[in-house]
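# What the coordinates show
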Amino acid sequence: MRLKPFFSLYLLLFSCIFQGSLIFDAIGQDCTAEISIEIQDAESKEPLPGAAVWISPLEKGQAADNAGVVKFSKLCIGQPYIIDIHFIGYEEHRLELVAEANQKVLVKLNQSNVLLSEVVVEGDRQIAMTQATQQLSGQALSRSRGKSLGESLKGLSGLNSLQTGPGISKPVIQGLHSNRILILNNGIRQEGQQWGAEHAPEIDPFVASKITVIKGAEGVKYGPDAIGGVIILEPEDLIINKKLGGEINTAAMTNSGMGVLSAILEGNISSFKNFGWRVQASAKRGGDFHAPNYNLMNTGLREGNFSVAAGWNTERKGVEVFFSRFNTEIGILRSAHIGNLTDLQDAIGREEPFFQRDFSYHIDNPRQELNHSLLKLNGYLTVQNLGKLTAKYGGQWNLRREFDVRRGGRSDRAAIDMDLNTHSLDLGLEHNAIGALVGEIGVTAIYQQNRNVPGTGVDPLIPYFNQFTTGIFLIEKYVKENWQLELGARFDHRALEIKTFDESNQLVNPTYAFNNYTFSVGGQVDLNKNIRFSSNLGSAWRPPHVSELFSNGLHHGVAAIERGLFYEGGTLADLDNGISINPESSLKWVNTLSIEKNKWGFVANPYLQRINNFIYLEPRPGEFVLTVRGAFPLQQYVQTDAQLIGFDGTFNYDFTSDLNATISYSMVRADDLNKNEAIIWMPADRYNFTIRKSFTGKFSPFIEGSFTHVSRQGRVSDDRDFTPAPEAFQLIDLGLGGSTKLCNNNLNLFIDVENLLNTTYRDYMNRLRYYADELGRNISIRFQYQF
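The present account deals with the structure reproduced in this document.

In this section: the sheet that holds strand 1 (residues 33–41). With mixed pairing, the three strands of this open sheet are ordered in space as 4-1-7. The sheet terminates laterally at strand 4 (69–75) and strand 7 (103–109), the two strands that pair on one side only. Taking each pair of neighbouring strands and ignoring which way they run, the sheet shows an average axis angle of 20°. Note that strand 1 and strand 4 share five bridges and pair antiparallel. Following the sheet pairing, Ile35 is matched in strand 4 by Phe72.

Written out as structure tokens, the structure reads:
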């Protein structure tokens, strides 16, 4: 039953391919075409050397030479290609063409009044500016369809995933995660119940046409919480020149028997000039995942999402509205919830899970139900002799219900039931260029309220709170032909009000106020046409989350008792004369060296980060708490000063025009400066080697093999965790696919095999590694049709 959806889709897709005569016909096709693209300023007609050009489906990039020219050779005549062109200070430009012999194309780029984003990464190549940035787009994004956000980004250099079993993951950027990573979903700060490791972002990645990761501390641009970096999910612009278009994505996976379906329909109204609309929906259903030797009981999931958007846009003004709804139900590994202390001690570190069953799509307790709604209203107006004025409102309504294994007929009653409402307003001015100076000034305001829904029969893990944040920032960039300088500053104020009960069941109502300044200074220089260097020194800050201060109880998703900083020995400290809590403050220095030669390229990102008052959750080995719902290990929030030193590097080599290899390496060393010891829950060193062979032909097929080695996290002593860190492991993955035209539309097919050798291993970054192995072999097939 588990393989039926997979093989049904497999047969359907290949029947479509053969019926359309879309076979791999590399033999006999003429692939001698060459295209020459000349890139100019639309007004001055001057060439734009260094402009970045990316061609799909070849997934290759080049920089324009001193004459503003880029050439691509060995293209197949009659084959469609998409060419994206980017250059700092100019609007992005896309070409869609069918290859012909010896084509010459002139592209004129229009200058942009918009403050450009920091670093753009296309595919596996980086074009660095003042911040280290990567981007998931094009074919790489298509091959990740059906995965969560955390899993989708896991393959990028310097990024990992913090997991809670197989169904829940969240992004980790250079060792930091959760509230230190700011996520912008279609321009709105994602606000949800995401403080814990098992609280994945309530986001449907199908909404995005590209996902950008900024690795630097971006407190100036985006405000509090951007200590670890920023993840930006952006949909395509609404189309205003096509009556009807869209995209269909399907995916099937052998591990968990998961099926995924997503569809986008968009267009315009011919009688309403410059008006565009889009409707999107996706659904996902999976059963128990399985390790190489057994099923992981109660790890299935169900998900259903949709979004709608409409807008009227011209060159000088426009308005848009966007609404999305995210709904999911996720099972939590049953073996993480044990009824008594003796069984718990036996379950931790056990070779096989304590509870097992045959494969099932049924989701029992423990489980989570999540709902997230987002409403966005935004508009812009270009004022002559001033610049572009922008206004944006975001409303978010987040519901989280967590169901524990409860007795006495109370299984259908949520143990945690929370309602988080957030309203935000952003106003900005992107001023006209003053010579070589471009910049932006903005103000933000955010109001947030968390309410615990009564009737759970359990003391709330997180108390009721109100939170109000305001901020103002200024960023200026001085841009010349071969170099640029960036300066920015920001001030933020956050007020926090708590309502909770002390150990005497008396209501307490503490209030807190946090203020902080942040700054950023960076520069980028093209040393020559092949070498680019950038450096950025940025500060950021983060007030402590309510969970870090006041949590006290069972966090069932990670099957542990959690206690906040204000709890000592399970008792609430004197809030007036007790513990003093300071916000986290970070200073991060990031450098990027990018070298692009004819056959090879190299990108290096060394970084150094100091975080004062760093807060993290520390396991207490040997300390267990017995409750009416079972026995659970204890974890305590602690605060210290931390230092992170790390490096991300990628090396690419093209053996031929259709055979290339990529080697990447990432490491981070995080230390508690007060205790002079390593900080727990930091990624181990990771190495990856990928080789890809492309073929010519109507289907443009490719085959790709990947080898990954993850070292043992040996910096944390065994006595500081419930079990020793897992051993190092190696994984081999395999992928193949291709793209072609079907009825003049794009058809893409991808087949990926993860953990090809069905290796048994445990990942240090999985919070449930104490109880079970990681996933075994998984074969996935993805079909994408764009019309």
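Next up on the list: the pairing of strand 11 (residues 159–163). The element strand 11 is largely enclosed, with a buried count of five among its five residues. Across the two faces of strand 11 the burial is the same, with Leu159, Ser161 and Gln163 and Asn160 and Leu162 all buried. In textbook terms, the turn of a hairpin is the stretch between consecutive antiparallel strands, and for strand 11 and strand 12 (residues 169–173) this stretch comprises five residues, one of which, Gly165, has a positive phi near 75°.

Taken in spatial order, the four strands of this open sheet run 3-2-5-6, and their pairing is antiparallel. The outermost strands of the open sheet, each flanked by one partner alone, are strand 3 (60–63) and strand 6 (93–98). In this sheet, adjacent strand axes meet at a mean angle of 20° when their direction is disregarded. Sheet topology places strand 2 (residues 52–56) next to strand 5 (residues 80–86); five bridges connect them, and they run antiparallel.

The buried fraction of strand 44 (residues 778–786) amounts to seven of the nine residues, a majority that puts the element mostly inside the structure. Pairing of strand 17 (residues 244–253) with strand 44 involves seven bridges; the strand directions are antiparallel. Residue Glu247 lies in a different strand from strand 44, and its bridge partner there is Gln786.

A few words on the nonpolar core. Ranked by internal contacts, the top residues of the largest apolar core, which has 57 residues, are Phe614, Leu644 and Tyr771. Ranked by residue count, the leading element in this core is strand 37 (residues 630–656), at six residues. Each residue touching Tyr771, except ones within four places of it in the same chain, is listed here: Leu333, Ser335, Ala336, Leu344, Ala347, Ile348, Arg350, Glu352, Pro353, Ala559, Pro633 and Arg762. Listed in part, the 24 residues of the second largest apolar core include Leu48, Ala64, Val70 and Ile85.

A full pass over the atoms with the stated rule returns 40 salt bridges. Between Arg143 and Asp752 there is a salt bridge, with the nearest N and O atoms lying 2.4 Å from each other. Of this pair, Arg143 sits in the loop between helix 2 (138–142) and helix 3 (149–153) while Asp752 sits in strand 43 (residues 745–754), placing them 609 residues apart in sequence. According to the relative accessible area criterion, Arg143 is buried, its value standing at 16%. Through salt bridges with shared partners, a single network forms among Arg302, Glu329, Arg367, Glu369, Arg401 and Asp417.

Below, the discussion takes up the packing of aromatic side chains. Under the counting rule described, the total for this entry stands at 22 aromatic pairs. Relative to Tyr616, the ring of Phe614 has its centre 5.8 Å away and its plane inclined at 35°; by these criteria the two rings are tilted. On the accessibility criterion, Phe614 (2% relative accessible area) is buried. The interplanar angle of 85° and the centroid separation of 6.2 Å between the aromatic rings of Tyr770 and Tyr771 together place this pair among those described as edge-to-face. Looking at Arg367, its charged tip hangs above the ring of Phe403, at a distance of 3.9 Å from the centre.

About the cut-offs
Residues numbered from 1 in each chain as written. Predicted model: local features only at pLDDT ≥ 70, side-chain atom pairs only at ≥ 80, totals over all residues. Heavy atoms only, no water. Pairing = 2+ DSSP bridges. Helix = DSSP H or I, 4+ residues; strand = E, 2+ residues; numbered from the N terminus. Axes fitted to C-alpha atoms, helices over the stretch in contact; angles between N-to-C directions. Buried < 20%, exposed > 50% of the residue type's maximum accessible area, 1.4 Å probe, protein only. Core = buried A, V, L, I, M, F, W, Y, C linked by side-chain atoms within 4.5 Å. Contact = heavy atoms within 4.5 Å. Salt bridge = Lys/Arg side-chain N within 4 Å of Asp/Glu carboxyl O. Phe/Tyr/Trp six-rings, centres within 6.5 Å; stacked < 30°, edge-to-face > 60°. Lys NZ or Arg CZ within 6 Å of the ring centre and 35° of its normal.

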